[in-house]
Amino acid sequence: MSSDPRRDWEAVDRYLTRLLAPADPVLDAALEASAQAGLPAIQVTPVQGRLLQLLACAVRARDILEVGTLGGYSTIWLARTLPPGGRLVTLEIEPRHVEVARANVERAGLSDRVDFRLGPARESVRRLIEERRQFDLIFLDADRPGYPDYFRASMELSHPGTLLVADNVVRNGLVADDSCDDPQVTGVRRYLELMAAEPRVIGTVLQTVGEKGHDGVAIGLVTG
Ligand SMILES: C[S@@+](CC[C@H](N)C(=O)[O-])C[C@H]1O[C@@H](n2cnc3c(N)ncnc32)[C@H](O)[C@@H]1O
């Protein structure tokens with residue numbers, strides 16, 4: 001705890017997690033298995049997982065697209081909200097991540113509603129467009145340089161009422177630093193510019209602080 005508890009983001013995150021997203025054997029087992037498999041611990045936090053659930057429930061999502069599976073932690077948070085017959089498609093480039101995520105999702109009893117697609121997400125979204133798929137919620141959490149392409153694809157994979165959620169769009173404030181030309185940052189900057197310029201989307205960004213530092217999540221609603 002820092003000397004000024006009001007500034008201790010991690011302590012507040014722990015408090016909020018205990019209160020709003022307490023220990024869950026299935027989710028905890030997924031984290032444990034991912035760690036044992038050597039996957040990086042870059043999944044959403046429990047409180048962010050709860051936000052994803054809340055958003056999916058708010059739009060009564062039956063079809064969800066996730067870009068960036070890792071070990072399936074956010075996949076489980078989201079897939080749990082699906083009604084009978086609902087589907088979640090999750091895109092991942094690393095075969096090992098898909099292997100671990102499959103086992104985690106199976107242990108969560110959600111295999112019947114999760115469709116894993118292995119390969120570069122740019123190719124996977126193109127295939128989904130060819131399949132004429134439509135999603136009620138699209139969650140981006142993969143390579144940031146790809147975000148502008150994923151935004152354009154999202155517009156083809158959505159309908160009025162679709163929620164577009166993109167994680168890690170503030171990156172310790174670098175998004176607002178014009179001198180920063182890191183592709184991780186320019187990718188999210190371009191994503192935000194596209195969202196802001198798109199008349200069919202009402203969008204905003206919530207800055208977040210917590211165990212993952214200072215970041216933000218972009219939320220856009222497709223209106224037309
Ligand atoms: C931040 S992690 C996803 C975390 C996950 N959404 C969660 O919260 O549990 C990003 C994932 O995107 C994957 N990824 C990176 N570039 C990709 C690409 N071009 N296509 C598909 N997946 C990609 C990485 O391998 C990694 O597993």
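This report concerns the structure included in the present document. Values in this document were obtained by computation on a predicted structure and should not be read as measured data.

This next bit is on the pattern of salt bridges. Evaluated as defined, the whole model comprises 12 salt bridges. Notably, a salt bridge pairs Arg96 with Glu99, separated by 2.9 Å at the nearest N-O pair. Taken together, the residues Arg96 and Glu99, both in helix H5 (residues 95-107) and three residues apart, mark about one turn of the helix. According to the relative accessible area criterion, Arg96 is partly exposed, its value standing at 40%. Between Arg190 and Glu193 there is a salt bridge, with the nearest N and O atoms lying 3.0 Å from each other. With Arg190 and Glu193 both in helix H8 (residues 183-197), this residue pair falls three residues apart, about one helical turn.

Before going further, it helps to spend a moment on the packing of aromatic side chains. Enumeration over the complete set of coordinates arrives at three aromatic pairs. When the centroid spacing of 5.6 Å and the interplanar angle of 65 degrees are considered together, the rings of Tyr147 and Tyr191 count as edge-to-face. In this pair, Tyr147 is assigned in helix H7 (residues 147-156) and Tyr191 in helix H8, connecting sequence segments 44 residues apart. Relative accessible area serves as the criterion here: at 0%, Tyr147 is assigned to the buried category. You can call Tyr191 buried: its relative accessible area is 1%. Relative to Tyr191, the ring of Phe151 has its centre 5.4 Å away and its plane inclined at 90 degrees; by these criteria the two rings are edge-to-face. One end of the pair, Phe151, is in helix H7; the other, Tyr191, is in helix H8, with 40 residues separating them in the sequence. Following the ring pairs from residue to residue traces out a cluster consisting of Tyr147, Phe151 and Tyr191.

What follows is about the sheet that holds strand E1 (residues 63-67). As summarised here, the arrangement of the seven strands in space is E3-E2-E1-E4-E5-E7-E6, forming an open sheet in which the pairing is mixed. Two strands lie at the open edges of the sheet, namely strand E3 (114-118) and strand E6 (201-210), each paired on one side alone. The sheet shows a mean angle of 15 degrees between the axes of neighbouring strands, direction not considered. Here strand E5 (residues 163-167) runs beside strand E7 (residues 213-222); their pairing, made up of five bridges, is antiparallel. Its bridge partner being in E7, Val165 is matched across the sheet by Ile219. Those strands touched by helix H3 (residues 46-58) are E1, strand E4 (137-140), E5, E6 and E7, and its axis lies near 170 degrees from that of E5. With respect to the sheet, helix H6 (residues 121-130) is in contact with E1, strand E2 (87-92) and E3, its orientation differing from that of E2 by roughly 145 degrees.

Here we come to unusual backbone geometry. One non-glycine residue, Arg132, lies in positive phi territory at about 60 degrees. Tracing the chain through its elements places Arg132 in the loop between H6 and E4. The backbone of Asn168 shows a phi angle near 65 degrees, a positive value even though the residue is not glycine.

In this section: H3. In a regular helix each residue adds 1.5 Å, so 13 residues correspond to 18 Å; H3 covers 18 Å between its end C-alpha atoms and thus fits that length. Within H3, the full set of buried residues consists of Pro46, Gly49, Leu52, Gln53, Leu55 and Ala56. If you follow the buried residues of H3, they end up packed against helix H1 (9-20), E1, helix H4 (73-79), E4, E5 and E7. Among the residues trailing H3, Arg60 stands out with phi positive, at a value near 50 degrees.

With that settled, consider the packing of helix H2 (residues 25-36) against H5. At a minimum axis separation of 10 Å, H2 and H5 run at an interaxial angle of 160 degrees. Between H2 and H5, the crossing angle belongs to the class labelled roughly antiparallel. In terms of crossing hand, the pair formed by H2 and H5 is right-handed. Where H2 abuts H5, its residues Ala29, Ala30, Ala33 and Ser34 lie against Val100, Asn104 and Arg107. Among the residues making up the contact of H2 with H5, the classes are represented as four nonpolar, two polar and one charged.

Rules behind the numbers
Residues numbered from 1 in each chain as written. Predicted model: local features only at pLDDT ≥ 70, side-chain atom pairs only at ≥ 80, totals over all residues. Heavy atoms only, no water. Salt bridge = Lys/Arg side-chain N within 4 Å of Asp/Glu carboxyl O. Helix = DSSP H or I, 4+ residues; strand = E, 2+ residues; numbered from the N terminus. Buried < 20%, exposed > 50% of the residue type's maximum accessible area, 1.4 Å probe, protein only. Phe/Tyr/Trp six-rings, centres within 6.5 Å; stacked < 30°, edge-to-face > 60°. Pairing = 2+ DSSP bridges. Axes fitted to C-alpha atoms, helices over the stretch in contact; angles between N-to-C directions. Contact = heavy atoms within 4.5 Å. Expected span 1.5 Å × (residues − 1). Parallel < 35°, antiparallel > 145°, perpendicular 65-115°, else oblique. Left-handed = near helix turned anticlockwise from the far one by under 90°. Nonpolar A, V, L, I, M, F, W, Y, C, P; charged D, E, K, R; others polar.

It is worth stressing that arrangement in space is one thing and function is another; only the former is reported here.
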